[in-house]
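These are the residues of each chain, in order.
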Amino acid sequence: MAWSLDARIRVHVLSPGESPAPGMAILAEAPAAALAPAMTVFTLEGAHAPACACCGARGPVAEALDRLFLGRVRGDFPWFTAIAALPRSAEGAEAIRRTLREDQASSARFRLAS
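(A) The nonpolar core, seen in detail. Grouped together as the largest cluster of nonpolar side chains are 20 residues, with contacts concentrated most on Leu27, Ile83, Ile96 and Phe110. For this core, the elements supplying multiple residues, two or more each, are β1 (9–13), β2 (25–29), α1 (60–74), β4 (82–86) and α2 (90–102). Looking at which element gives the most residues to this core, the answer is α1, with five residues. The next biggest cluster of nonpolar side chains, apart from the first, holds eight residues, and it includes Ala28, Met39, Ala82 and Ala84.

Set out below in structure tokens:
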């Protein structure tokens, strides 16, 4: 019998008007009106291109996901098993998906929910 377990944290990219399920952490594109015990915000304003000389390979979404992950493992946030991503724009939604595809640390810790 072959089986596998994917223990990465699921990231649900929500559409405008969709509400996160109880207990989900929130990854929001700034400015964010949502509040949750486990929440972080990212902004694409002023963000440089991925892998630019001053920022390295990490972008604002990867940094925000890092903050959520570290808060979870350090006990700064309540334990969560899923993240509700609340992009404000198509660019924000694509930045989340691109980060989950291309950023090695993020793709090792998180996966896009289908």
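There is more to say, and it comes next.
(B) Fine view of the layout of surface pockets. Of the volumes computed, that of the second largest pocket is approximately 200 Å³. Lining the second largest pocket are 15 residues, and of these Pro16, Gly17, Leu86, Pro87 and Arg88 lie nearest its centre. Of the residues contributing to the lining of the second largest pocket, the split by class is ten nonpolar, two polar and three charged.

(C) Focus on the packing of aromatic side chains. Scanning the model with the defined rule gives one aromatic pair in all. With centroids separated by 6.2 Å and ring planes inclined at 80 degrees, the aromatic side chains of Phe69 and Phe110 adopt a geometry described as edge-to-face. One end of the pair, Phe69, is in helix α1; the other, Phe110, is in strand β5 (residues 110–112), and 41 residues separate them in sequence. In this structure Phe69 comes out as buried when scored by relative accessible area, which is 18%. Accessibility expressed as a relative area gives 0% for Phe110, which makes it buried. One cation-aromatic arrangement involves Arg72 over Trp79; the distance from NZ or CZ to the ring centre is 3.7 Å. The positively charged end of Arg72 is found above the aromatic ring belonging to Phe80, 5.5 Å away from the centroid.

(D) The environment of Asp103, seen in detail. Looking at where Asp103 falls in the secondary structure, it is placed in the loop between α2 and α3 (104–109). Owing to a relative accessible area of 10%, Asp103 belongs among the buried residues under this scheme. Distance in space between the C-alpha atoms of Asp103 and Val61 is 9.7 Å, their sequence separation being 42 residues. Within the structure, Asp103 has its side chain in polar contact with the side chain of Ser106 (distance 2.7 Å).

Cut-offs used in this document
- Residues numbered from 1 in each chain as written.
- Predicted model: local features only at pLDDT ≥ 70, side-chain atom pairs only at ≥ 80, totals over all residues.
- Heavy atoms only, no water.
- Core = buried A, V, L, I, M, F, W, Y, C linked by side-chain atoms within 4.5 Å.
- Buried < 20%, exposed > 50% of the residue type's maximum accessible area, 1.4 Å probe, protein only.
- Helix = DSSP H or I, 4+ residues; strand = E, 2+ residues; numbered from the N terminus.
- 1 Å grid on protein atoms, 1.4 Å probe; cavity = no way out; pocket = protein on both sides within 12 Å on 5 of 7 lines; lining within 4 Å.
- Points joined across faces, edges and corners; volume = space filled by probe spheres on them.
- Nonpolar A, V, L, I, M, F, W, Y, C, P; charged D, E, K, R; others polar.
- Phe/Tyr/Trp six-rings, centres within 6.5 Å; stacked < 30°, edge-to-face > 60°.
- Lys NZ or Arg CZ within 6 Å of the ring centre and 35° of its normal.
- Polar contact = N/O pair within 3.5 Å; in protein donor to acceptor, adjacent residues only side chain to side chain.

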